[in-house]
Each structure stands twice: as C-alpha cells, then as structure tokens.
Amino acid sequence: MVRPISNDTSSDIHQENDAPLEFIGDIDSSLEIPDGADILIVSKDQSYLTHGIHKFPAKFFPELPRYLIQRYSEVNDTILDPMCGSGTTILEAALCRRKSIGIDIDSIARLITHVKTTPIDPAILENIITSLTQQIQKYSLSSEYHPEIPVFNYRDNWFRPHVLSELCIIRDCIESLPEVHDVYSVHEWSDIRDFFRIAMSSIIRDVSNADPHCTRTVLRKKVIKKIDPGDTISKFLVALFEQAKAMKDLWSVYSSMKNWEVSIPEGTATNTGLTDASVDLVVTSPPYINAVDYPRTHQLEMYWLGFLGDESLSTVKRKYIGTETVYKREYSELSVSGLDSLDPVLKEIFKQDPRRSFITYMFFRDMETQLRETMRVLKPGGRYCIAIGSNLIRGVQVKSHEILSEISTVNVGFELERTFFSKLIRHFIRIPRKERMLGEWILILKKPS
Ligand SMILES: C[S@@+](CC[C@H](N)C(=O)[O-])C[C@H]1O[C@@H](n2cnc3c(N)ncnc32)[C@H](O)[C@@H]1O
C-alpha cells in the first residue's frame, strides 16, 4: 500500500491523520507489522554499549534493525549490511548471536563499525590508557617536540594553530604507543590502536572551525567557536574515558556470549565479493539522494587518519551511491530508466535542473545494481529490508520507496512482502500526532524460494 506524501517544500515529510503504532523501546519480534502501517519507535537508548562512540549522519536507531533481525532470521544466521555506515545493524546482529557482515565504501564508516564491534578487555585497555595519557602530558609539556603537521587543503582555515599541534600530539602518541606484548593472546594490537583512533576522530569536527550545526563540513564567517589552548586534549581525554566505559559494558555482554562473529570485508554495496546464496538476511539504509555527502562530511577525519591517500576527494566521492559529483557532459541530455515510477520524475526535474535529474537517475541505476548484488548473495527465501526516505528535488517529489519497489520487483525479481512507514524516532520525545514528521519507508523484499 502506498501512502500519500505531502507536497510541502521540505523533504521527507509524511502527513498522517491516524495515530501510528507506537513502540517504546524494543519491538516484539513476534509482531507482524501490518503492510502499510505507520510506526513510531520511541528509542530507549540510541547510544547503549558502543552505539554512541562516534557521530554519524542518518544512523539507524538500534530498535529497528534489532526487530528486523529477530523477526527475519535465526540464531547463527548470517546478516549483511552492505551500506553499514556506523555499524548499527552489525552490532545488533552480533548481539542477537548472528554472524554479522558489514560493508561500506567509506573508510571512516568501516573504522567506526570495526571499533564498535570489537570488544576489548577493559583491564588491558585501562593500562594502555594510563600510559597514553602520561605520554600526551609529556609531549604537551616538552619544548623539544616539534610535530609534523599534516598538509591538506585549507588546513589553516579549518583548524587554529594550537588545535593543530594538540591533534598532532594525540595522533603521534597513539601511533607511537609502545606495543604491549602480553595483549597478543587476547587482542590484535591494531584493534587497540583503532580504538584510540576513533576516540581522536570523534573530537576532530568539534575542535575544527566547521559549523557544528551543519552535517556537511563547512566554514561560516558568522560561526566563531571558542576553542582555547588545552581544549583539544581535554576533549580527547573525555571522549576516551567515555569510549572506555562503553567498551567495558560491551566486554561484559560479550563475555557472557558464546559466539561473536563480525567481519568487515573490503568491498562495495554493488560488488560485495561475497559468495552466491551465502547470506540469510540483508538489512540496510542507503544514502538519501541529494542529502548527505559522506566524503565531504568526513573529510577532516579522513585527512587526520591518513585515509585519503593519493586520491582526491572528488575521485572518492564519485564511488558513492548517491554521489553528486557528476560531469557536465553526462547530463547534457535527459537520461531515462524505462521505469513508470521514475521517468516522469526525471523529466520534471530535468526541466529545471539537468544535473539533479542525472544525479537522481544515477542513484536509482546504482541501487538497481545493488539490488541485483543482494539478490545474488541472498539465500532463496531470504529477506532484504531497506529503509529509504523520500526526497524533494527542485520541488519534485521523488517517492524513492515506490521507485525502489518497482525496480526490485519488475527488474530484479524480488517479491515485495510488505511496506511500512517509520516516523522520526526520538529519544523519549513524544511527537504530537498531527505534526508533520520526518521518517522513512521500510521495504521488506523476499528472494523467491
Ligand atoms: C544512511 S548511511 C547508513 C547508516 C547506517 N544504517 C547506520 O546506522 O549508521 C548510508 C551509507 O552508505 C554508504 N555507501 C554509499 N555508497 C556506497 C557503496 N557504493 N558501497 C558501500 N557503501 C556505500 C555510505 O558511506 C554511508 O555510510
């Protein structure tokens, strides 16, 4: 059942007259959410265990993937999120005793997912944190220490000089941590270092001059942040202790479990590298068209963690589903898909903005490739649960869920089992019934048996 979407000028708006099905915290997995239902999940805790170790745009609230995993898979099944972002599905799948596979093209996303799902013994961590903090203190007081400040575009606009030196101190202390040999029987040393890299990454945006209210990393003349000398190191230490506490909680859950199997292989959503028919359930949320530019959002973290290598930001950007980095020659003419739900939309957008029309076309073309890849790796009878928002592009409503439904059933061969609308989920905030709300559609697709 397809629901009406308002013609308002803002995107992702769904106006509803009936009360949604409301869930406070967990959704009982024995419950079948009716086709066409509106639901509202009032999340009990979006940051429990390691879910909150790093900000990430358009994160899942844990209750949704948890419900889908429990509803559509069994213990020991294999769950894949091919656009795993910060790894919400991946952690939830491991906690539900499933084998969990996370793929993402974004190196920051992969690192967050890895750290979030790699339990570390708190006793070991505590000792290393003590030596790291001592080292940081030593470097900060030393007049002999002259760090090598990384070179990247507009560096001195993004960061003040004292912030650059403090970030260098943190980075150098992490990278030169003396390896503690007795941890090898329990952990990989690189896992421990990654834990600290994420603590550093989590404060980079905060200590930069970038506007804190904008998802994209942008400088605004009017935004002047107060970042005094010493603040960067203090913020890092606060983040580190919070992250260590989260890890302690994860370790205690992990220690009580028998199986914990997480992998984050190299690959992309359209070319996962996984074996045919090897996955029981796929749960994901693709990027919104035209909404979050992930490489740009993570550019400062990527510079500091050395993730950009020799590639320019625009080369990296073109590889993402939903990319806005397109060439003029590509959109001089209208590109059409042959889909009834998409082509009128492409034509309408093209009249006003050929570039945006092509970006929209590319998004659905790449999603079709992704759906085919998921069809290949899923076992017969397996489900593909996709959470997708609608967009308003140049005033034209792009009903992504309807378009994806057509692509997945007509072109790729999935059965559309049910669709429901999940309204904006807020942490213990009740939203008035008639208020217009953000939200996304959940499509439950099934690979024929
Ligand atoms: C909406 S986010 C996922 C958020 C995730 N559900 C969470 O809870 O954090 C979409 C993700 O798709 C990823 N992505 C975009 N293009 C991709 C591709 N070609 N292959 C794999 N991941 C891709 C982005 O890097 C981003 O992390």
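Chains are numbered independently. Their residues run from 1 in the order of the written sequence. Restriction of local features to residues with pLDDT of at least 70 applies here, the model being predicted, together with a cutoff of 80 or more for giving and counting side-chain atom pairs; totals for whole chains, interfaces and linings are based on all residues. The side-chain numbers reported here are obtained from all heavy atoms of the structure, hydrogens and water having been left aside.

Caption draft 1: Layout of the pairing of strand 11 (residues 439–446). Exposed residues in this analysis have more than 50% of their type's maximum accessible area, buried residues have under 20%, and partly exposed residues fall in between, with area computed by a 1.4 Å probe over protein chains only. Helical segments are the DSSP runs of H or I of at least four residues, strand segments are the runs of E of at least two, and each set is numbered from the N terminus. Among the eight residues of strand 11, seven are classified as buried, and the element is accordingly described as predominantly covered. Pairing of strand 7 (residues 378–388) with strand 11 involves six bridges; the strand directions are antiparallel. In the strand pairing of strand 11, Y384 is matched with L445. Here, a strand pair is defined by DSSP locating no fewer than two bridges between the strands. By the bridge criterion, eight bridges tie strand 10 (residues 415–423) to strand 11 in an arrangement that is antiparallel. Paired with R418 across the bridge in strand 11 is I444.

Caption draft 2: Representation of the site of the ligand within the structure. The rule for a residue being near a molecule or strand is that one of its heavy atoms must lie within 4 Å of it. Around the ligand, the surrounding shell holds 22 residues, and the nearest of these are F60, S86, T88, D104 and I321. One nitrogen or oxygen atom from the main chain of F60 is found 2.8 Å from an oxygen atom belonging to the ligand. S285 has a polar side-chain atom sitting 3.0 Å from a nitrogen atom of the ligand. Of the residues belonging to the shell around the ligand, the class tally is 13 nonpolar, five polar and four charged. Polar contact is defined as a pair of N or O atoms within 3.5 Å, subject to the rule that within protein one atom must be able to donate a hydrogen and the other to accept it, and that residues adjacent in sequence are counted only when both atoms are side-chain atoms. As a working rule, the residues Ala, Val, Leu, Ile, Met, Phe, Trp, Tyr, Cys and Pro are called nonpolar, Asp, Glu, Lys and Arg charged, and the rest polar, with Gly in that last group.

Caption draft 3: Quick look at the nonpolar core. Of all hydrophobic cores here, the largest spans 64 residues; its most connected members are L132, F159, L167, F195, F196, F236 and W304. At the level of elements, helix 2 (88–95), helix 3 (107–116), helix 4 (122–141), helix 6 (161–175), helix 7 (189–207), helix 8 (231–255), helix 10 (299–305) and helix 11 (313–317) are the ones that each hand at least two residues to this core. With 10 residues, helix 7 is the largest single contributor of residues to this core. Both of domain 1 (21–106 + 279–446) and domain 2 (122–255) provide at least three residues apiece to this core. In plain words, nonpolar cores are sets of buried Ala, Val, Leu, Ile, Met, Phe, Trp, Tyr and Cys residues tied together by side-chain atoms within 4.5 Å. Here the limits of each domain have been adopted from an automatic or database domain assignment.

Caption draft 4: Broad picture of helix 2. With eight of eight residues buried, helix 2 is to be regarded as a mostly interior element. Looking at helix 2, one finds that the buried residues are T88, T89, I90, L91, E92, A93, A94 and L95. After helix 2 finishes, the residue R97 shows a positive phi value of roughly 65 degrees.

Caption draft 5: Fine view of the side chain of S357. Looking at the element boundaries, S357 is found in helix 13 (residues 354–377). Note on contacts: a residue pair is in contact if any heavy atoms of the two residues lie within 4.5 Å. When sequence neighbours within four positions are dropped, the list of residues in contact with S357 reads L334, L346, I349 and F350.

Caption draft 6: Region of the structure containing the side chain of S73. Relative to the elements of secondary structure, S73 occurs in the loop between helix 1 (63–72) and strand 3 (78–81). Its relative accessible area of 6% is what places S73 among the buried residues. Of the polar contacts made by the side chain of S73, one reaches the backbone oxygen of I69; its length is 2.6 Å. Those residues within four positions of S73 in sequence are excluded, and the remaining contacts are L68, I79, R98 and L281.

Caption draft 7: Region of the structure containing the packing of helix 4 against helix 7. Direction vectors running N to C along helix 4 and helix 7 enclose 60 degrees, while the axes themselves pass 12 Å from each other. When the axes of helix 4 and helix 7 are compared, the pair comes out oblique. Viewed along their axes, helix 4 and helix 7 form a crossing whose handedness is right-handed. Where helix 4 abuts helix 7, its residues I124, L125, I128, I129 and L132 lie against W189, I192, F195 and F196. Among the residues making up the contact of helix 4 with helix 7, the classes are represented as nine nonpolar, no polar and no charged. In this analysis, axes come from line fits to C-alpha atoms, helices being fitted only over the stretch in contact, and the angle between any two N-to-C directions falls in the range 0 to 180 degrees. Angular relationships are summarised with four words: roughly parallel below 35 degrees, roughly antiparallel beyond 145, roughly perpendicular across 65 to 115, and oblique for the angles in between. Crossing handedness follows the turn of the near helix against the far one: under a right angle anticlockwise gives a left-handed crossing, and clockwise gives a right-handed one.

Caption draft 8: Spotlight on the pattern of salt bridges. For this document, the term salt bridge refers to a Lys or Arg side-chain nitrogen within 4 Å of an Asp or Glu carboxyl oxygen. A full pass over the atoms with the stated rule returns 24 salt bridges. Close ionic contact of K317 with D293 constitutes a salt bridge, the shortest N to O distance being 3.2 Å. Of this pair, K317 sits in helix 11 while D293 is found in the loop between strand 6 (279–284) and helix 9 (294–297), placing the two residues 24 residues apart along the sequence. Summarising the burial analysis for this pair, K317 and D293 share the class buried. One salt bridge connects R356 with E324, and the closest N-O pair in it is separated by 3.8 Å. With R356 in helix 13 and E324 in the loop between helix 11 and helix 12 (343–352), this pair connects stretches of sequence that are 32 residues apart. Accessibility classification places R356 together with E324 in one group, the buried group. Within this structure, E324, D353, R356 and R394 form a network of salt bridges that share partners.

Caption draft 9: View of the sheet that holds strand 6. Strand order in the open sheet made by the nine strands is 1-2-10-11-7-6-3-4-5, with mixed pairing throughout. Only two strands of the sheet have a single partner each, and these edge strands are strand 1 (21–24) and strand 5 (261–263). Between one strand axis and the next, the sheet turns through 20 degrees on average, direction left out of account. Looking at chain direction, strand 3 and strand 6 are connected through two bridges and run parallel. Looking at strand 6, one finds that I79 is bridged to L281. Each of strand 2 (38–42), strand 3, strand 6, strand 7, strand 10 and strand 11 is contacted by helix 1, which is oriented at about 160 degrees to strand 6, the strand it contacts most. On the sheet, helix 14 (residues 400–412) packs against strand 7, strand 10 and strand 11 and is oriented at approximately 10 degrees with respect to strand 11.

Caption draft 10: Representation of the domain arrangement of the protein chain in the model. If you check the domain split of the protein chain, you get domain 1 (21–106 + 279–446) and domain 2 (122–255). Using C-alpha coordinates to define each centre, domain 1 is positioned 30 Å away from domain 2. Taken together, the 20 residues of domain 1 in the interface contact 27 residues of domain 2. Computed with a 1.4 Å rolling probe, the buried area is the accessible surface lost when two parts are put together, summed over both parts. Across the interface of domain 1 and domain 2, roughly 2100 Å² is buried in total on both sides, 71% from carbon and sulfur atoms. When the buried surface of domain 1 facing domain 2 is broken down by residue, L49, L300 and W304 rank first, second and third, together holding 37% of it. Linking domain 1 with domain 2 are zero salt bridges, by the criterion used here. At the junction of domain 1 with domain 2, the criterion picks out three residue pairs in polar contact (both at pLDDT 80 or more). It is helix 10 that provides the largest number of residues to the side of domain 1 that touches domain 2, a total of six residues. In the side of domain 1 that touches domain 2, the residues fall into 11 nonpolar, five polar and four charged.

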